[in-house]
Amino acid sequence: MTLFLVGYMGSGKSVIGSKLADILKYNYLDLDGYIEEKEGATIKIIFKTKGEIYFRKLESSYLKELIGLNNTVISLGGGTPCYGNNLNLILESKNSLSIYLKASIKTLVGRLYQERYKRPLIAHLEDISALNEFIGKHIFERAPFYEQSSLSIKTDGLDINEVVDNLVLKLF
Ligand SMILES: Nc1ncnc2c1ncn2[C@@H]1O[C@H](COP(=O)(O)OP(=O)(O)O)[C@@H](O)[C@H]1O
Ligand SMILES: O=C(O)C1=C[C@@H](OP(=O)(O)O)[C@@H](O)[C@H](O)C1
Ligand SMILES: [Mg+2]
């Protein structure tokens, strides 16, 4: 079984995915981490030197390499299901489930403000209200992709361990 974690930046895909894999005794992969390892460059540097389109092409081709793995939790990037044929690959991959980690704009802003420099799409946003507006519009565009996941879980007001526990309960 492959479990794909889906959701906006800051929804907790990376942190929850790694803990979930520990609990389930599954292998763990973070698509962004995989790209960084293979390319020998951070996501930030890839965006800066080659641009977003180049990153999206890498993201799609490395996603293909990770389809069909057994006993693995994979944290996707926030944009992964929203480009090219990625969503079909995820949804049609055999013996897999996609899990949408949902969070309100307010929650995401709270989690991302201090960390926005790690994320090229939001690093330029100076203040909380600019971040708030950007995320609001962006989620409106992306939610229809995320919503096609096999299951979803609301994370507002839950700490990391509570989200993992709820997820384990939903899965089994
Ligand atoms: N449920 C949660 N409660 C509190 N903080 C969280 C929660 N989920 C994630 N975070 C924090 O939000 C930040 C972004 O999490 P991360 O796993 O990198 O998200 P993503 O991979 O979806 O962008 C991290 O600092 C993480 O510790
Ligand atoms: O939403 C996006 O388009 C992106 C999300 C990031 O991953 P996280 O969602 O793990 O932050 C990373 O893939 C890249 O910065 C682009
Ligand atoms: Mg991540």
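Along every chain, residues carry numbers that run from 1 in the direction the sequence is written. The lettering of chains begins at A and the numbering of ligands begins at 1, in the order of writing. Confidence filtering applies because this is a predicted model: local features only for residues at pLDDT of at least 70, side-chain atom pairs given and counted only at 80 or more, and all residues used for totals across whole chains, interfaces and linings. Water and hydrogen atoms play no part in the side-chain values, which are based on all heavy atoms of the structure.

- Under an unreviewed UniProt entry, the chain has the name Shikimate kinase and belongs to Psychroserpens burtonensis.
- What the UniProt record of the chain gives under Catalytic activity (unreviewed entry) is the line "shikimate + ATP = 3-phosphoshikimate + ADP + H(+)".
- UniProt positions are given in the numbering used here, feature names are shortened, and annotations may be inferred rather than shown by experiment. Comment text from UniProt for the chain, heading Subcellular location (unreviewed entry), reads "Cytoplasm".

**Observations concerning helix H4 (residues 52-65)**
Right, so step 1: Numbering of helices and strands runs from the N terminus, with a helix taken as a DSSP run of H or I at least four residues long and a strand as a DSSP run of E at least two residues long. Here a helix's expected span is defined as the number of its residues, less one, multiplied by 1.5 Å. The first and last C-alpha atoms of H4 sit 20 Å apart over 14 residues, in line with the 20 Å expected at 1.5 Å per residue.
Right, so step 2: To sort residues, take the accessible area from a 1.4 Å probe on protein chains only and compare it with the maximum for the residue type: under 20% means buried, over 50% means exposed, and anything in between is partly exposed. All of the buried residues in H4 are Phe55, Arg56, Leu58, Glu59, Ser60, Tyr62 and Leu63.
Right, so step 3: Those residues of H4 that are buried are in contact with strand E1 (2-6), helix H2 (31-39), helix H3 (43-50), helix H5 (86-92) and helix H7 (128-146). Residue contacts follow a heavy-atom distance rule, with two residues in contact if any of their heavy atoms lie within 4.5 Å.

**Some points on the pairing of strand E3 (residues 72-75)**
Right, so step 1: Along E3, one buried face is formed by Thr72 and Ile74 and the opposite face, lined by Val73 and Ser75, is buried too.
Right, so step 2: Two strands are counted as paired when DSSP detects at least two bridges linking them. Sheet topology places strand E2 (residues 27-30) next to E3; four bridges connect them, and they run parallel. Residue pairing in the sheet places Leu29 in a bridge with Ile74 of E3.

**Some remarks on the site of ligand 1**
Right, so step 1: Here, proximity means that at least one heavy atom of the residue falls within 4 Å of the molecule or strand. Taken together, 15 residues lie around ligand 1, and Gly10, Lys13, Val15, Glu115 and Leu158 are the ones closest in.
Right, so step 2: Whenever two N or O atoms come within 3.5 Å, that pair is a polar contact, provided that in protein one can donate a hydrogen and the other can accept it, and provided that, for residues adjacent in sequence, both atoms are side-chain atoms. Note that a nitrogen atom of ligand 1 is positioned 2.8 Å from one of the backbone N or O atoms of Leu158.
Right, so step 3: In the cavity and pocket records, a cavity denotes points on a 1 Å grid over the protein atoms alone where a 1.4 Å probe fits but cannot get out, a pocket denotes an open set with protein on both sides within 12 Å along at least 5 of 7 lines, and lining residues are residues with an atom within 4 Å of a point. Each molecule is assigned to a cavity or pocket provided more than half of its atoms lie within 2 Å of the corresponding grid points. Put simply, ligand 1 lies in the largest pocket.
Right, so step 4: For the shell around ligand 1, the secondary-structure elements that each account for two or more residues are helix H1 (13-24) and helix H8 (160-171).

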